[in-house]
Amino acid sequence: FTDNCVDHSTLPTRLNGDGGLMLTTKLLTRKGRAYAKLGQTNEAQKAFESAIKVAQSGLLHDKKIHRMYSEKENDIPSEKILNQCISDARLNLIEIKRVIGLIEAINSNGGVRADVDAPMAKIKNRQMYERVNSVLSSAPANVEMVAGKIFCLGSMRKWIELALFCEELACKHSKFDGVFTRDLEEFNPYPLVRVAEHLHPNIFSNEAENVDHILSHKQVA
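The model shown is predicted, which means the values in this text are computed figures rather than measured ones. (Residues numbered from 1 in each chain as written. Predicted model: local features only at pLDDT ≥ 70, side-chain atom pairs only at ≥ 80, totals over all residues. Heavy atoms only, no water.)

Caption draft 1: Summary view of the confidence of the model for the protein. Averaged over every residue, the pLDDT of the protein is 79; the share at 70 or more is 73%. In the model of the protein, helix H2 (residues 11–14) stands out as the element of lowest mean pLDDT, 44, in contrast to helix H8 (residues 143–155), which has the highest, 94. Note that pLDDT drops below 50 for residues 1–14; the model gives that stretch 29 contacts with residues more than four away or on any other chain. This model gives residues 217–221 a pLDDT under 50, and the stretch forms seven contacts once residues within four places in sequence are excluded. (pLDDT = per-residue confidence, 0-100. Helix = DSSP H or I, 4+ residues; strand = E, 2+ residues; numbered from the N terminus. Contact = heavy atoms within 4.5 Å.)

Caption draft 2: Spatial organisation of the layout of surface pockets. Of the volumes computed, that of the second largest pocket is approximately 430 Å³. In this structure, the second largest pocket is lined by 16 residues; those nearest its centre are Pro140, Ala141, Leu169, Lys172 and His173. Every element with two or more residues in the lining of the second largest pocket is listed here: helix H3 (20–38), H8 and helix H9 (159–173). Here the lining of the second largest pocket gets five residues from one element, more than from any other, and that element is H9. Here the lining of the second largest pocket is composed, by residue class, of nine nonpolar, one polar and six charged. (1 Å grid on protein atoms, 1.4 Å probe; cavity = no way out; pocket = protein on both sides within 12 Å on 5 of 7 lines; lining within 4 Å. Points joined across faces, edges and corners; volume = space filled by probe spheres on them. Nonpolar A, V, L, I, M, F, W, Y, C, P; charged D, E, K, R; others polar.)

Caption draft 3: Summary view of a nonpolar patch on the surface. Taken together, Phe176, Val179, Phe180, Leu184 and Phe187 make up a surface patch of nonpolar side chains, about 440 Å² in accessible area. For leucine 184, the position within the fold is in the loop between H9 and helix H10 (217–220). (Patch = residues over 30% accessible without salt bridge, like charges linked within 9 Å, V, L, I, M, F, W, Y side chains within 5 Å. Areas by Shrake-Rupley, 256 points an atom, 1.4 Å probe, with all protein chains shown as cover. Salt bridge = Lys/Arg side-chain N within 4 Å of Asp/Glu carboxyl O.)

Caption draft 4: Region of interest: the side chain of serine 155. Of note, serine 155 is situated in helix H8. Not counting chain neighbours up to four residues away, the residues in contact with serine 155 comprise Val116, Ala121, Lys122 and Asn125.

Caption draft 5: Seen up close, the pattern of salt bridges. Evaluated as defined, the whole model comprises three salt bridges. In this structure, the salt-bridge partner of arginine 33 is aspartate 88, at a minimum N-O distance of 3.8 Å. With arginine 33 in helix H3 and aspartate 88 in helix H6 (residues 78–108), this pair connects stretches of sequence that are 55 residues apart. For aspartate 88, a relative accessible area of 22% translates into the label partly exposed. (Buried < 20%, exposed > 50% of the residue type's maximum accessible area, 1.4 Å probe, protein only.)

Set out below in structure tokens:
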């Protein structure tokens, strides 16, 4: 796409607020954020780098396009939007590199131990806990790190915190129940799990008010 963007004959009709370079840059940035939350660091890095390249291609020809639109008295702040997208993508790349460093540090130490009763797991998992939490602060949907936190809490015998973490996770994900139907059914990661009947994602929404929540036996089931 970026190779075609340098075609001077097509640029004036393509750089606008709702399509072309602008839209491509925004979509690539959002795509990168989605990958980042999933913990797919390589894909996120590629998306952010592509967003920067596309935005820079637009900035190279911004003056010509600006003249074209200014004659029509259209207000299209292309330069400001593209520069903002570049700044956002670069900030996200810094965060991605931080997450990659944390994951490499966890793996270099043998990773999180799944056997929570093993003597070595009780020592190593305690050491890994802060790093795992730090990864989840940027990549809350990283399945490996979610499991890692569960193993760490189990090793440290923090059963109440472990139960609360699992309950919050179940409530937050209940908003996706019923999404994987029809043409999306084949992408359902847990096809044998029933749709939650008693959970809803707002159960733990009052965390800032320090409200203690106790799930009913139906919600736990």
